[in-house]
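Read off the chains here:
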Amino acid sequence: MKFTAKRVVVSAAVAGVAVVAVGATVIATAADPVSPEVTSSTPAEAGHGTEGKYTTGDYVLTVHELDDDGDGTSTAIGPHTTYYSKTLHGNGYRQHTVVKFSAGADAGAPIVFSYPVPAPGRVVDCVASGTDASPQVRCETKPALPRG
C-alpha cells in the first residue's frame with residue numbers, strides 16, 4: 001500500500017472524527033445533568049408534609065435518593081402507585097442531594113430524570129408518565145407542612 005499525502009490526510013481526518021465521537025459519547029455519558037428545580041406555592045399533602053411524593057404511571061419506576069457520593073436508597077414502585085418517602089432529606093448520617101429515576105425494577109437501569117433534593121422545609125412531588133420504553137418524569141418542589 002502506497003502512502004500518499006491525500007491518503008494520510010484522509011486517514012488523519014477519519015481518526016480525528018472517531019476520537020471526537022468517542023470523546024463526545026464519554027462526555028454525554030459522564031454528564032448526569034440534574035433538571036432545574038421547579039417551585040410551587042401549593043403545600044405538600046396533609047399527613048405527608050415532610051415526605052417526598054412519587055406517583056408512577058403505566059410502568060415500574062425506581063426512585064434513587066442519593067447523596068453527593070452516590071450513596072443512598074433505591075425503591076422500585078409498582079405501576080399506578082403513589083409512594084411517600086420518609087428518607088427524602090436523608091436518615092441522620094446521610095444527607096440526600098439528588099433524586100434520580102429509572103424505568104423498571106432493575107436498580108442498574110439507565111437514569112431517565114434527575115431532580116435536586118430541596119432544602120429542609122420543602123419537599124418534592126414527582127409524577128411519572130409515558131411508557132417504560134419512553135418514560136417521562138416531572139417534579140416540583142413544594143413547601144412542607146409543619147409536623148402536627
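Residues numbered from 1 in each chain as written. Predicted model: local features only at pLDDT ≥ 70, side-chain atom pairs only at ≥ 80, totals over all residues. Heavy atoms only, no water.

## Here's the deal with the confidence of the model for the chain
Heads up, the rule is: The score called pLDDT rates the predictor's confidence residue by residue, from a low of 0 to a high of 100. Residues count as neighbours in contact if any of their non-hydrogen atoms are within 4.5 Å of one another.
A residue-level look at the chain finds 77% of positions with pLDDT of 70 or above and a mean pLDDT of 82. Note on residues 12-30: pLDDT under 50 across the span, and zero contacts to partners over four residues away in sequence or across chains.

## Some remarks on the packing of aromatic side chains
In plain terms, the rule: Two rings belonging to Phe, Tyr or Trp (six-membered ring only in the last case) form a pair when the distance between their centres is within 6.5 Å. Interplanar angles under 30 degrees mark stacking, angles over 60 mark edge-to-face geometry, and anything in between is tilted. Runs of E in the DSSP output that reach at least two residues are strands. Runs of H or I that reach at least four are helices, and both are numbered from the N terminus. Type-normalised accessible area, obtained with a 1.4 Å probe on protein chains alone, sets the label of each residue: buried when under 20%, exposed when over 50%, and partly exposed for intermediate values.
Within the structure shown, the criterion is met by four aromatic pairs. Seen in terms of ring centroids, tyrosine 54 and phenylalanine 101 are 5.8 Å apart; in terms of plane orientation they differ by 70 degrees. Their pairing is edge-to-face. Residue tyrosine 54 is located in strand β1 (residues 52-55), and its partner phenylalanine 101 is located in strand β5 (residues 98-103); the two are separated by 47 residues in the primary sequence. For the pair formed by tyrosine 54 and phenylalanine 101, the shared burial category is buried. Where phenylalanine 101 meets phenylalanine 113, the ring centres are 6.1 Å apart and the plane angle is 35 degrees; that geometry is what we call tilted.

## Examining the pattern of salt bridges
Note the cut-off: Take a side-chain nitrogen of Lys or Arg and a carboxyl oxygen of Asp or Glu: if they are within 4 Å of each other, that pair is a salt bridge.
What the rule picks out here adds up to five salt bridges. Residues glutamate 51 and lysine 86 are paired through a salt bridge, measuring 3.9 Å at the closest nitrogen-oxygen approach. Note that glutamate 51 is positioned in the loop between α1 (5-30) and β1 and lysine 86 in the loop between β4 (82-85) and β5, a separation of 35 residues in sequence. Relative accessible area serves as the criterion here: at 69%, lysine 86 is assigned to the exposed category.

## A few points about the nonpolar core
This is how the line gets drawn: The nonpolar core is taken to be a set of buried Ala, Val, Leu, Ile, Met, Phe, Trp, Tyr and Cys residues, with the residues joined through side-chain atoms within 4.5 Å.
In this structure, Tyr54, Phe101 and Val137 are the most contacted members of the largest nonpolar core, which totals 19 residues. When contributions to this core are tallied by element, the ones reaching two or more residues are β2 (61-66), β5, β6 (111-116), β7 (122-130) and β8 (135-143). Counting residues per element, this core draws most heavily on β7, at four residues. When near neighbours in sequence (up to four residues on either side) are disregarded, tyrosine 54 contacts Val63, Glu65, Ile77, Thr81, Thr82, Tyr83, Ser85, Leu88, Val99, Phe101, Val124 and Cys126.

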